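# Commentary on secondary and tertiary structure
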Amino acid sequence: MADYLILFGPPGVGKGTQAEHLKTTLGLAHVATGDLFRDHLKRETELGNLAKSYMDRGALVPDDVTIGMVRERMKDPDTQNGMLLDGFPRTVAQAEALEKLLAERDQTIKHVLFINAPKDMLLERLGNRWTCKKCGAIYNANTKPPKNAGVCDVCGGVVYQRDDDKPEVQAKRINVYLEQTAPLIEYYQARGMMTMIDGRQSMDQVYADLMAAIEQAK
Ligand SMILES: [Zn+2]
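Definitions and limits used
Every chain begins its residue count from 1, and numbering advances along the sequence as written. In keeping with the model being predicted, local features are shown solely for residues with a pLDDT of at least 70 and side-chain atom pairs are shown and tallied solely at 80 or more, while totals for entire chains, interfaces and linings include all residues. Side-chain numbers come from the whole structure's heavy atoms, not from hydrogens or water. With water omitted from the atoms examined, metal sites may look incomplete; donors here are N, O and S atoms no farther than 2.8 Å from the metal, or 3.2 Å in the case of Na, K and Ca. Note on geometry labels: four donors, all angles 85 to 135 degrees, give tetrahedral; four donors become square planar and six octahedral when opposite donors are over 155 degrees apart and every other angle is between 65 and 115; remaining cases are irregular. When DSSP finds two or more bridges between a pair of strands, those strands are recorded as paired. Per the convention used, a helix needs a DSSP run of H or I reaching at least four residues, while a strand needs a run of E reaching at least two, with both numbered from the N terminus. Note on ring pairs: Phe, Tyr and Trp rings are taken, using the six-membered ring of Trp, and paired if centres are within 6.5 Å. Classes follow the plane angle, with under 30 degrees stacked, over 60 edge-to-face and the rest tilted. Buried, partly exposed and exposed residues are distinguished by accessible area as a fraction of the type maximum, computed with a 1.4 Å probe on protein chains only: under 20%, between the cut-offs, and over 50%, respectively.

### Observations concerning the coordination of the zinc ion
At the metal site, the zinc ion is ligated by Cys 132 (SG), Cys 135 (SG), Cys 152 (SG) and Cys 155 (SG), and these contacts range over 2.3 to 2.4 Å. Here the zinc ion binds four donor atoms, and the angle range of 99 to 117° at the metal identifies the geometry as tetrahedral.

### Some words on the sheet that holds strand E7 (residues 159-160)
On the basis of which strands lie adjacent, the open sheet formed by three strands has the order E6-E5-E7 and antiparallel pairing. The open sheet is flanked by strand E6 (138-140) and E7, the only strands paired with a single partner. As defined by bridge partners, strand E5 (residues 129-132) adjoins E6 across three bridges and the pair is classed as antiparallel. Within the sheet, the bridge partner assigned to Thr 131 lies in E6 and is Ile 138.

### Things to note about the packing of aromatic side chains
Per the counting criterion, the structure on display carries three aromatic pairs. A ring pair is formed by Phe 8 and Tyr 188, whose centres lie 6.3 Å apart and whose planes are at 45°; its orientation type is tilted. Of this pair, Phe 8 sits in strand E1 (residues 3-8) while Tyr 188 sits in helix H7 (residues 167-190), and the two are 180 residues apart along the sequence. On the basis of an interplanar angle of 75° and a centroid distance of 5.2 Å, the ring pair of Tyr 187 and Tyr 188 is categorised as edge-to-face. Each member of the pair Tyr 187 and Tyr 188 is classed as buried. Every member of this aromatic cluster is reached through a ring pair, and the members are Phe 8, Phe 114, Tyr 187 and Tyr 188.

Here it is in structure tokens:
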């Protein structure tokens, strides 16, 4: 039986780094819907073109299109041990559709992991992010400033704050995420399928807690 894990976490919680670790250790395919979309759009598949027709109108891509992409992805050989679903499902409707999709294959979701941290901590991490204009190196005004203010350590380029990294924009992103996923968290919690991980801890400790939760779910 393959393992299907779902990983959630608000922007700034370090989910991406943890996902990289987990997929390597567990030998799972890392499936992020953002990547799926980009791939389908690039290859101009039927699903990609369908998704594009909605995106061009500024409309939300319907759940069955997204589910269709996950369904396609499940045919790839690297998913034989299972999948680490990253940022998917986004809604209860998607969660139900995913369960149906897995049930068709006699599979179930093994566990749901939610890395959480207080809003002000997330904002402190994201709202202080500065980027090198030239090489793209990332800095944090509080925790990892460049040695010389405004100058990149790597290439000497100008370090600036991107518009979408401005604190007010990041605060909005965090709020939207938390509002959108709240019903989903309730949904999984009510089913006893989810472990909440404390994202205030060090990266190593968060990883250890994730692994312990997965072990226990066996
Ligand atoms: Zn640079």
